[in-house]
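Letter by letter, the chains look like this.
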Amino acid sequence: MKQTNQLLGEYGTTIFTTMSALAVEFNAINLGQGFPDSNGPDDILDEAVRAIKYESNQYPSMMGIKELREATAKHSKNFYDIDLDWENQTMITAGATEAIASSLFGLINPGDEVIMIEPLYDCYLPMVRRAGGIPKLVRIEPPNWQLPYEELEATFSPKTKLIILNSPTNPAAKVYKLPELEFIASLIEKYDAYAICDEVYEHLTYDGARHIPLITLPGMYERCVRISSAGKTFSMTGWKIGYSIGAPKLIEAASKAHQFLTFTAPPNLQYAVARGLKKEKDYFFNLGKDMELKRDLLTEGLESIGFNVLRSEGTYFLVADYSPLGDFGLDTEFCKTLIMDAGVGAVPFSAFYQQGRNDDLNNFVRFCYCKKNNTLELAINRLEKYFGAT
Ligand code: PMP
Ligand code: GLN
């Protein structure tokens, strides 16, 4: 029989699914795949129920319902002073994942070069490759995850179509600072490129760090698609409602792919997310403040056990070096041991690189801390018990 798609066939099941399945099998506390163990704000849930019962359950408009498109535009204005015409500059998608896919499929021509920064979120590479793009990778390195300015500049070329910029970044938990963004913006202008900005963790920054959307920098308004997700902003990762904002030309290009990928997203959830985005600013600030305390709780717990924890400036995640604990093998092996013997799930860090990392960086794992405090405490207790005994 004929082969199925060869390129996607190269990929196994995602690391998040693999590790979550193993965590369920061994009844481990899952600090691997990033999802909260709470159910999201009541007013948003109530609005979804109302919309299911009293609004249309037929296809909503292809670009999203007016209420949500207006709300996304207002949210960008309120937080970042971005002026948008919601009718031409916003699009609602099936999660940030589909927003990323439709932007990539709408912008890339086969042979275009696409710059990505490793470690990277897992869907970028397969999507870029499937769209016919040529991946050009640069790395930020621990412990400080500094942007390698010279290397990045050397990676840009006249063939560069776009860069994918994820800030705050999953998994490095880095929040890009203004000078770095200015440098990236200067290269985008110089090489007449675009940026797809994955900003799903926009409200999860800590220690006073501020999220700065690249689109707000001079010259970037016409060149960036800014993407975010209700999953992260309202702690409901299963809802899969995302939004893209950007210049009309870019949103139109992405909509050409969106209309054939998913066409639209569930109307009732769109109403509910619109309600969420109209919340008082305090909600968004408190989301970050609460998460910062959880970061502290897990950081201190892991450090007291002996992990070397890298500073997490944002997101749901922190990166920990387990080599001070002894010889536990490569990261994948270590994560299996953690789940099966210690009862705690994590994600091996090598999964966030194109071909793993066959060097000295094989002793890192990613833990997520977007969990109830007692879940984190229980996980820390289990780890203390296990590593105290080995
Ligand atoms: N981008 C990043 C960096 C993520 O961590 C995630 C994970 N949720 C997504 C995109 C996907 O978001 P969504 O679930 O809204 O598709
Ligand atoms: N974004 C989540 C994470 O990084 C996973 C999403 C998924 O499982 N596809 O853990």
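These numbers were taken from a predicted model, which means no experiment stands behind them. (Residues numbered from 1 in each chain as written. Chains lettered and ligands numbered in written order. Predicted model: local features only at pLDDT ≥ 70, side-chain atom pairs only at ≥ 80, totals over all residues. Heavy atoms only, no water.)

**Comments concerning the overall build of the protein**
Okay, step 1: Helices and strands together make up the secondary structure of the protein, namely 15 helices and 13 strands.
Okay, step 2: In terms of C-alpha radius of gyration, the protein reaches 21 Å, essentially the compact-globule figure of 21 Å for 390 residues.
Okay, step 3: Projected onto the principal axes, the alpha-carbon positions of the protein cover approximately 60 × 55 × 50 Å.
Okay, step 4: The buried share of the protein, reckoned over its 390 residues, is 58%.
Okay, step 5: Considering only residue pairs separated by 6 or more positions, the protein has 75% of its internal contacts joining residues 24 or more positions apart.
Okay, step 6: One finds the centroid of the 38 positive side-chain charges in the protein at a distance of 5 Å from the centroid of its 50 negative side-chain charges. (Helix = DSSP H or I, 4+ residues; strand = E, 2+ residues; numbered from the N terminus. Rg over C-alpha atoms; globule rule 2.2 N^0.38 Å. Buried < 20%, exposed > 50% of the residue type's maximum accessible area, 1.4 Å probe, protein only. Contact = heavy atoms within 4.5 Å. Lys, Arg positive; Asp, Glu negative; His and termini not counted. Charge placed at Lys NZ, Arg CZ, Asp CG, Glu CD.)

**Things to note about the pattern of salt bridges**
Okay, step 1: What the rule picks out here adds up to 22 salt bridges.
Okay, step 2: Where Glu-55 meets Arg-50, a salt bridge forms, and the shortest distance between an N and an O atom there is 3.1 Å.
Okay, step 3: A residue is classified by how much of its surface remains accessible, and Glu-55, at 26% relative accessible area, is partly exposed.
Okay, step 4: Judged by its relative accessible area of 30%, Arg-50 falls in the partly exposed class.
Okay, step 5: Two residues, Glu-252 and Lys-256, come together in a salt bridge whose shortest N-O distance is 3.4 Å. Here Glu-252 and its partner Lys-256 are both found in helix α11 (residues 248–261), four residues apart, which amounts to about one turn of the helix.
Okay, step 6: Exposure remark for Glu-252: the relative accessible area of 45% places this residue in the partly exposed category.
Okay, step 7: The exposure class assigned to Lys-256 is partly exposed, which follows from its relative accessible area of 45%. (Salt bridge = Lys/Arg side-chain N within 4 Å of Asp/Glu carboxyl O.)

**Concerning the packing of helix α2 (residues 15–25) against helix α14 (residues 331–342)**
Okay, step 1: Between α2 and α14, the shortest axis-to-axis distance is 9 Å and the interhelical angle comes to 25°. It follows that α2 is roughly parallel to α14 by the angle criterion. You can see that α2 and α14 cross each other, and the crossing is right-handed. Judged by residue contacts, Met-19, Leu-22 and Ala-23 of α2 engage Cys-335, Lys-336 and Ile-339 from α14. (Axes fitted to C-alpha atoms, helices over the stretch in contact; angles between N-to-C directions. Parallel < 35°, antiparallel > 145°, perpendicular 65-115°, else oblique. Left-handed = near helix turned anticlockwise from the far one by under 90°.)

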